[in-house]
Amino acid sequence: MPANLPPQYYEAERRYRQAKTPQEKIEALEEMFSIMPKHKGTDRLRAELRTKIARFYEEAEKRPMVGRKGSLLYYVKKEGAGQAVLVGPPNTGKSQLVTALTGAASPVADYLFTTRLPIPGMMEFENIQIQLVDLPAITAPGVTSWLPNIIRNADLLLLVVDLGGEPAAQAETVLDWLAGFRIGVAGDSRRAEEVTVQKKAGIVANKVDAPGAAEGLRALESRHQGGLPTIAVSALRGQGLEELRRDVFRALDIIRVYTKVPGQKPDLRDPVVLKRGSTALDAAESVHKDFGRNLKYAQVWGSGKFAGQRVKRDCVLQDGDVIELHI
Ligand SMILES: Nc1nc2c(ncn2[C@@H]2O[C@H](COP(=O)(O)OP(=O)(O)OP(=O)(O)O)[C@@H](O)[C@H]2O)c(=O)[nH]1
Ligand SMILES: [Mg+2]
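Because the structure is a prediction, the values reported are computed rather than measured.

### Focus: the sheet that holds strand E1 (residues 83-87)
Right, on to step 1. What the six strands build is an open sheet, ordered E2-E3-E1-E4-E7-E8; its pairing is mixed. Single-partner strands in this sheet number two, and they are strand E2 (119-125) and strand E8 (230-232). In this sheet, adjacent strand axes meet at a mean angle of 25° when their direction is disregarded.
Right, on to step 2. Direction of pairing for strand E4 (residues 156-162) relative to strand E7 (residues 201-206): parallel, over a ladder of six bridges. Across the sheet, Val160 pairs through a bridge with Val204, a residue of E7.
Right, on to step 3. Strand contacts of helix H6 (residues 167-180): E1, E4 and E7, with the helix running at about 145° to E4, the strand carrying the most contacts.

What follows is the structure in structure tokens.
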């Protein structure tokens, strides 16, 4: 056990041991995970926590869990290059956005709380697929038992507000609601001392076609200047959606590399997706564990390198690099 874990960690651990239902176990484990500092010394522990969390979630998938107040609980298995979830007040166009970007059939309607369940869809960005998850509104009935867990587990939050209806106030409401569940957002410092997990997030200001949108956007941008990134779109008219795809990809902090063996061409339709900062060794390991172990050197074609430059195992790769593995 690494030293210097804060007292909240041990509190959460105690709750984990006492937990009776998978839901309570997941909640406690997620909290332990988010409190644990990220460095080499905690890598193994964090991996163990993730495995435990995944196991309880799997149990939940087989049979929907029943939460403390008798409500159902949900979980969305991650697929593709990353998972972005749509969080916001009712009627802001979350379902319309997911439908426009993924083709998933998430019902859109003019009344409040249309969406009751998480509905995932796959969004194409160039040659990769990113998972978008449509969620119920934060104020929808019966969601507090499971919605915060889904948000904590996501790779990226898209905070969806309606430019036609006080978007700055809506963004505040969402950020306060998240903080109430101890979820903080990068670029926003509210209640920082109480927050146990920091998520990457951006504001998606939808309905840029609506009356009063320009004014709403100005208010929103002046409030979050230099903090949360904001993008104006219209899910209905398809405006800004290509930029949004790219922004989501960038915010996920991933790169695409194309691995090849000597004498063959890389398949540019089928990248390996890695975390930003990954090395030649990481790329080799993602192909096969033995490739990593036996890697002697690699050659890289792409940005920042001479074509075919010979590099060491610890060479950091860039998005779009082609890498030839020599074992
Ligand atoms: N003008 C305009 N209307 C939109 C846009 N996107 C969605 N809407 C409308 O806004 C209403 C709500 O859309 P939904 O996608 O159901 O909203 P939601 O955020 O999923 O709502 P809940 O599931 O109830 O939380 C619908 O009547 C949509 O047609 C847009 O870009 N412009
Ligand atoms: Mg909806």
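### Examining the packing of H6 against helix H7 (residues 213-223)
Right, on to step 1. Here H6 crosses H7 at 45°, and the two axes come no closer than 7 Å. In terms of axis orientation, H6 runs oblique to H7. Each of Pro167, Ala168 and Ala171 in H6 lies in contact with H7, whose residues at this interface are Gly216, Ala219, Leu220 and Arg223.
Right, on to step 2. Looking at the contact of H6 with H7 residue by residue, the class counts come to five nonpolar, one polar and one charged.

Thresholds applied
Residues numbered from 1 in each chain as written. Chains lettered and ligands numbered in written order. Predicted model: local features only at pLDDT ≥ 70, side-chain atom pairs only at ≥ 80, totals over all residues. Pairing = 2+ DSSP bridges. Helix = DSSP H or I, 4+ residues; strand = E, 2+ residues; numbered from the N terminus. Axes fitted to C-alpha atoms, helices over the stretch in contact; angles between N-to-C directions. Contact = placed C-beta atoms within 7 Å. Parallel < 35°, antiparallel > 145°, perpendicular 65-115°, else oblique. Nonpolar A, V, L, I, M, F, W, Y, C, P; charged D, E, K, R; others polar.

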